[in-house]
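Listed below, chain by chain, are the residues.
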Amino acid sequence: MHPIIKYLISIMLWLTSIYAELLYAEQSSATGPHIQVQLVSEYTQLNPTQTNWIGILLKPEPHWHTYWRNPGDSGEAPSMQWQLPSGLSVGEIIWPIPQQINVAHLVNYGYEGQNLLMLPLTFTSSAQYQLGQQIEIKVDLSWLVCQEDCVPGWATLTKTFEISNQQQPSAFKPLFAQTRQRHPQAQKLSGRYEITDKHIVVSANPPTSEKWQLLPLKSSIIQHNKPQQIVASTPTQTSFTVLRSDYFIDDKQPIEFLLSDGESAYYLTAQYNTGLTTAAVGTESPHLALILLMALAGGIILNLMPCVLPVLSIKALSLQQQNLPTLTKFAYLLGVLISFNLFALAIVIFRQGGESLGWGFQMQSPWFVALMAFLFLAIALMLLDQIKISNGLTNLGQSWVSSHGFASQFATGVLAVLVASPCTAPFMAASIGVAMVSPPLQTMLIFTSLALGFALPLTVIFCLPKVAKLLPKPGAWMESFRQFLAFPMLATVIWLVWIYLNQTNSSAQLILLSALLLFALFCWLAQHSKGGLKVLCGLAIIACIVAPFYFSKTQVAIEQKTQHTQSYLKYDANKLAELKANNQVVLVNMTADWCITCKVNEQVAFNSSQVQTALADDSVHYMVGDWTNKNSQILSFLQQYQRAGVPLYVVYAGNHSEQVLPQLLTPAMLIEAINLAKKELNHES
């Protein structure tokens, strides 16, 4: 063969080998937008008798980052699908300690700069392999690399290894050694956690550090962008309070965290504190003490809510009596305490039976609403001196209003609780939300604290003469004032009839209105009758009360509701999920016709021209959940946010974030929340 031909053949073989090496290098690494990825190993050979270490090397460009196993508020962790020969097994990723990465108002967990995700590779059956044999390892890798915007990437990486008992270090061995220094400690910590209305409280015994932070391994545990607080620290225990995610599911299962100070870290497994019922009632539990204090404050404020106005009127009349016997002074308090605790007992009993109740649940029953309408009409007639009979139901009501004995004060307390049930005062929502999901003893304690707050103002006036002296002195004006108070009672009747309409239909409302009119007529006739005619009037009064229940019962409303002037979507969990998945701004309003706070917000905030304009935007969807009647979907939504009743207002920015608004709204609050959601979606897109 000619020497030149031999030379050309040699060059071709050399170029072929070089091409093969380049092809191999391309198979074990890949380049995507703003990042390079590579399948690497600690040694160039695999030893079948020991654990081998391989890894995925991620090298983003400066100022770009990849993500930890829990990416935080946004992002996505790298995903690996391994294709291994039989007899080989790859373990879990050993994640380096992540950094906290702030993007706008979001907090993510990940890595800026080069990072190596190490995995153990072991032979489960080495007998089938021979020394010197070549095996191929392949992985389908996906990742997300972000700065202000995010770019996904995919690659299939392949690397061939020789099986050998003699291993040679690869060029990446120093990187493996450096990465091990960034791994969490091998020591595992254990702890316990408790659930409050908005927080998770985790107690553990970590090594001394002032910078510990809890990073959950799942993204649905806490609100990552909220500060964490060490609420108690002793030589033997540290307790962390973190705001829990709105997507947190309280299933009492262990929660796994990474406890990190940025330099070192420990994996922590927190078990649910099954001793919460016992510990919670002790003086060492600041969390329950705070809830009880909030319940006490909420009870006091509840006296000022509009739905309690009729009862406040009754109280005002009772203040004419100054020198009450000691036992009578506490009768009102006793009535309130018993009523609240009966309510709590009903919650506990129904919860044990698998049912769920919310605050104001009795107002969801049309028969209860109708009965309250008859009661307040009777009280109004008594205040106007149109009922003066000595027996029957009306006499019972008369004694509640006019007398000042033990039974009267006790009954006033019971009536106060019944009428207050549709309202939720500030500080009440959090405490009642905890009570609805707490152990029985804790539920009873919270409702007792709420009752004490509700009864406190009038009880103080009864028991402290100096405070009572600050009130206006009784006189002739009291007679006019007493008659004036009949009109708030009649206004309450109108409100109750309106609720009844929304729970049933217009025909049922007509029956109730007719029955109320006949009730007033027969009460008046009974006052001017004697003997058998008086008895007949009494029977007619009873018939008037029974008539609405007999003719209408609990019919579902079929007429179009008009409580919202703007167009809206009826609440549907699937529709809400669809809108969120499509990155839409959604305002959810959970309301009820018997909720006075809801109606005030609708008149003051939702019906304002500015809010109407904001809701008219095609990118904003307004969804209303009507809890006037029982609705399991709405109850589930409320429980998701640890609420026991309405109102509840939530603004979603797709699936990126959500804002739970205060219970008392202004137009500015709504507009600000909607605009913030729009900005966030624009940022994400």
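Worth saying up front: this structure is predicted, and the values here are computed from it rather than measured.

Colleague: Whenever I open this one, the environment of Ile494 confuses me. Can you help?
Modeller: For Ile494, the location among the structural elements is in helix 15 (residues 486-503). Of the residues examined, Ile494 reaches a relative accessible area of 62% and is grouped as exposed. For the pair Ile494 and Leu377, spaced 117 residues apart in the sequence, the C-alpha separation amounts to 9.7 Å.

Colleague: What's the story with unusual backbone geometry in this structure? I'm lost.
Modeller: Most peptide bonds are trans, and most residues other than glycine sit at a negative phi. At His63, a position not held by glycine, the phi torsion is positive, near 75°. As for its position among the elements, His63 is in the loop between strand 4 (52-60) and strand 5 (65-72). A relative accessible area of 63% means that His63 is categorised as exposed.

Colleague: Just checking my understanding: could you explain the environment of Asn675 for this structure?
Modeller: Tracing the sequence through the fold places Asn675 in helix 22 (residues 667-684). Distance in space between the C-alpha atoms of Asn675 and Val620 is 9.9 Å, their sequence separation being 55 residues.

Colleague: Is there a simple way to explain the packing of aromatic side chains in this structure?
Modeller: In this description, an aromatic ring pair is defined by two values, namely the gap between the centres and the angle between the planes. Applying the stated criterion to the full structure yields 13 aromatic pairs. For the pair Phe374 and Phe519, a centre-to-centre distance of 5.4 Å together with 70° between the ring planes defines the contact as edge-to-face. Of the two residues, Phe374 sits in helix 8 (residues 366-383) while Phe519 sits in helix 16 (residues 506-527), which places them 145 residues apart along the sequence. For the residue pair Phe374 and Phe519, the accessibility class agrees, reading buried in each case.

Colleague: Got a minute to help me understand helix 2 (residues 173-180) in this structure?
Modeller: Think of an α-helix as 3.6 residues a turn; residues three or four steps apart then line up on the same face. Among the residues of helix 2, Leu175, Phe176 and Thr179 are the ones counted as buried. The buried residues of helix 2 occupy an angular sector of 105° when the element is viewed end-on, so they sit on one face. Against strand 2 (35-41), strand 4 and strand 10 (115-123) lie the buried residues of helix 2.

Colleague: Help me understand the sheet that holds strand 10, please; the structure alone is not making it clear to me.
Modeller: In spatial order, the strands read 1-2-4-10-7; together these five strands make up an open sheet with antiparallel pairing. Only two strands of the sheet have a single neighbouring strand rather than two, namely strand 1 (29-32) and strand 7 (88-90). Geometrically, the sheet is characterised by an average inter-axis angle of 20° between neighbouring strands, direction not taken into account. When strand 4 meets strand 10, the two strands line up antiparallel, connected through seven bridges. Counterpart to Gly55 in the pairing with strand 10 is Met118. Sheet strands touched by helix 2: strand 2, strand 4 and strand 10. Its angle to strand 10, the strand with the most contacts, is close to 105°.

Colleague: How should I be thinking about the sheet that holds strand 23 (residues 648-653) in this particular structure?
Modeller: Hydrogen bonds between backbone groups are what pair the strands of a sheet, and the pairing can be parallel or antiparallel. Taken in spatial order, the five strands of this open sheet run 20-22-21-23-24, and their pairing is mixed. Where the open sheet ends on each side, the last strands, each with one partner, are strand 20 (569-570) and strand 24 (657-660). Two elements, strand 21 (residues 585-591) and strand 22 (residues 620-626), share seven bridges in a ladder whose sense is parallel. Paired with Val588 across the two strands is Met623, which belongs to strand 22. Along the sheet, helix 18 (residues 573-581) makes contact with strand 20, strand 21, strand 22 and strand 23, crossing strand 22 at roughly 160°.

The rules behind each value
- Residues numbered from 1 in each chain as written.
- Predicted model: local features only at pLDDT ≥ 70, side-chain atom pairs only at ≥ 80, totals over all residues.
- Heavy atoms only, no water.
- Helix = DSSP H or I, 4+ residues; strand = E, 2+ residues; numbered from the N terminus.
- Buried < 20%, exposed > 50% of the residue type's maximum accessible area, 1.4 Å probe, protein only.
- Phe/Tyr/Trp six-rings, centres within 6.5 Å; stacked < 30°, edge-to-face > 60°.
- Arc of directions from axis to C-beta.
- Contact = heavy atoms within 4.5 Å.
- Pairing = 2+ DSSP bridges.
- Axes fitted to C-alpha atoms, helices over the stretch in contact; angles between N-to-C directions.

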